[in-house]
Amino acid sequence: MATADTLRYTKIPLTHGSGAIPAVGFGTLISDPLATKQATTTALEVGFRHLDCAERYRNEDAVGDAMQAAFKAGTLRRDDVFVTTKLWNTNHRPERVKPALAASLRRLQLDYVDCYLIHTPFAFRPGDEQDPRDELGQVIYDRGVTLLETWQALERLVDDGRCKAIGLSDVTLEKVREIASAARIKPAVVEVESHPYLPEWSLLDFCRENGIVLLAFAPLGHGMSPKVLDDPVITSIARRVNKTPAQVVLAWAVQRGTAFLTTSTKPRYIQENFEISALPEDAMREIREGVTTNIRFNAVVGTGVPGFIPRAN
Ligand SMILES: NC(=O)c1ccc[n+]([C@@H]2O[C@H](COP(=O)([O-])OP(=O)(O)OC[C@H]3O[C@@H](n4cnc5c(N)ncnc54)[C@H](OP(=O)(O)O)[C@@H]3O)[C@@H](O)[C@H]2O)c1
């Protein structure tokens, strides 16, 4: 088991791709480009080595600027950073997949990404409108493409070397099973909402058995109510181990075998979220057995419509 001082440097092996994924990751779902660049710069400075991006966040260029500045300053090399980005719902048609990754790479100013995910299993009408709606305001889905066809297009990207590993996001266990059983290249990563109020133990068990990394987004519960960070089990452990509630929840995420993505624009929180240390085993057990609230904050898994895309304007 990792000792108190090494937990934050944990890497989880990947079944394919660039070896291993840093368990401690920084998410870039931030609406303002300047704030994105500043937060990403701070995250890299305090030690984060995994960045989670998406074409849907409309700020890959700002993340790219922050990385390039670090590369040019000589403080980081490209292969020090694990970069994930995602294919949006409007690009599921196989012929749109390669151009979509090429556009992400251009914005990120990179030759390859370490991981490319299908952002959600829901295909939307192909085109430049990321949120296509009919006159009643209903999402226009694309029934002309299956998730497996999109997956096979991602497999070809791995063959081309422009992304090292591929995976899924916002999927149920059934969908992961379906793709894993049909795929030539199995998913390496599955990114889903997960925190003590939504531990996803069955999905985690399946992932472990199949060599898939479960990458938890919203590990702090999206900052929404009921607040995971105010849960009495979490706050009492935090007092006992002399850490903040956020550090307790993030340490729990790594120690139970997941990777996580957390986000803040506040330097104080960014640093705090990196500086995690291992919890004693009784605290791990207490969180599993003592936290009784169960809630999903983000409905994206049911519709493909993101619950949390902040608008810049
Ligand atoms: N695949 C998907 O569909 C999907 C969906 C959602 C998110 N994601 C990814 O997951 C990343 C993380 O998601 P998230 O932002 O919801 O995660 P989160 O870390 O659970 O929540 C962030 C919220 O917690 C607050 N916070 C951060 N650090 C804190 C600390 N130490 N103490 C107290 N509060 C703290 C932030 O406040 P401040 O804003 O005040 O700092 C913010 O309101 C995203 O950036 C994105 O990369 C993926």
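Throughout what follows, the structure given in this document is the object of discussion. Remember, it's a predicted structure, so these values are computed and weren't measured experimentally.

1. Things to note about the layout of surface pockets
One number sums up the size of the largest pocket: a volume of about 870 Å³. For the largest pocket, the lining is made up of 40 residues, of which A218, H222, G223, T262 and T263 are closest to its centre. When contributions to the lining of the largest pocket are tallied by element, the ones reaching two or more residues are α8 (245-255), β10 (259-262) and α9 (267-274). Counting residues per element, the lining of the largest pocket draws most heavily on α9, at 3 residues.

2. Things to note about the nonpolar core
Ranked by size, the top nonpolar core spans 94 residues in total, and within it M67, V113, Y116, V189, L279 and I287 carry the most contacts. The greatest single-element share of this core, amounting to 8 residues, is contributed by α8. Excluding residues that lie within four positions of it along the chain, I287 makes contacts with P196, V233, I234, I237, V248, W252 and L279.

3. Observations regarding the site of the ligand
Taken together, 29 residues are adjacent to the ligand, and D170, H222, T263, S264 and K266 come closest. L29 is positioned such that a nitrogen or oxygen atom in its backbone is 3.1 Å from an oxygen atom of the ligand. Measuring from an oxygen atom of the ligand, one finds a side-chain N or O atom of S264 at 2.4 Å. In the complex, the protein chains occlude 84% of the 920 Å² of accessible area that the ligand would expose alone. A molecule is said to occupy a pocket when more than half its atoms come within 2 Å of that pocket's grid points, and by this definition the ligand occupies the largest pocket. Breaking the shell around the ligand down by element, the ones donating at least two residues are β10 and α9. Among the elements that make up the shell around the ligand, the one with the highest residue count is α9 (3 residues). Looking at the shell around the ligand, its residues break down into 10 nonpolar, 13 polar and 6 charged.

4. Points about the pairing of β10
Both faces of β10 are covered, namely the face carrying A259 and L261 and the face carrying F260 and T262. In this structure, strand β3 (residues 24-27) lies alongside β10, joined through 3 bridges in parallel fashion. Directly across from F26, in β10, lies its bridge partner T262. For strand β9 (residues 213-217) and β10, the ladder comprises 3 bridges, and the chain directions are parallel. In the strand pairing of β10, A216 is matched with F260.

5. Concerning the side chain of T90
Structurally, T90 can be placed in the loop between β5 (82-87) and α3 (94-108). Excluding its chain neighbours within four sequence positions, the residues that come into contact with T90 are R96, F124, R125, P126, G127, E129, Q130 and P132.

Conventions adopted
- Residues numbered from 1 in each chain as written.
- Predicted model: local features only at pLDDT ≥ 70, side-chain atom pairs only at ≥ 80, totals over all residues.
- Heavy atoms only, no water.
- 1 Å grid on protein atoms, 1.4 Å probe; cavity = no way out; pocket = protein on both sides within 12 Å on 5 of 7 lines; lining within 4 Å.
- Points joined across faces, edges and corners; volume = space filled by probe spheres on them.
- Helix = DSSP H or I, 4+ residues; strand = E, 2+ residues; numbered from the N terminus.
- Core = buried A, V, L, I, M, F, W, Y, C linked by side-chain atoms within 4.5 Å.
- Buried < 20%, exposed > 50% of the residue type's maximum accessible area, 1.4 Å probe, protein only.
- Contact = heavy atoms within 4.5 Å.
- Near = heavy atom within 4 Å.
- Polar contact = N/O pair within 3.5 Å; in protein donor to acceptor, adjacent residues only side chain to side chain.
- Areas by Shrake-Rupley, 256 points an atom, 1.4 Å probe, with all protein chains shown as cover.
- Sits in = over half its atoms within 2 Å of the grid points.
- Nonpolar A, V, L, I, M, F, W, Y, C, P; charged D, E, K, R; others polar.
- Pairing = 2+ DSSP bridges.

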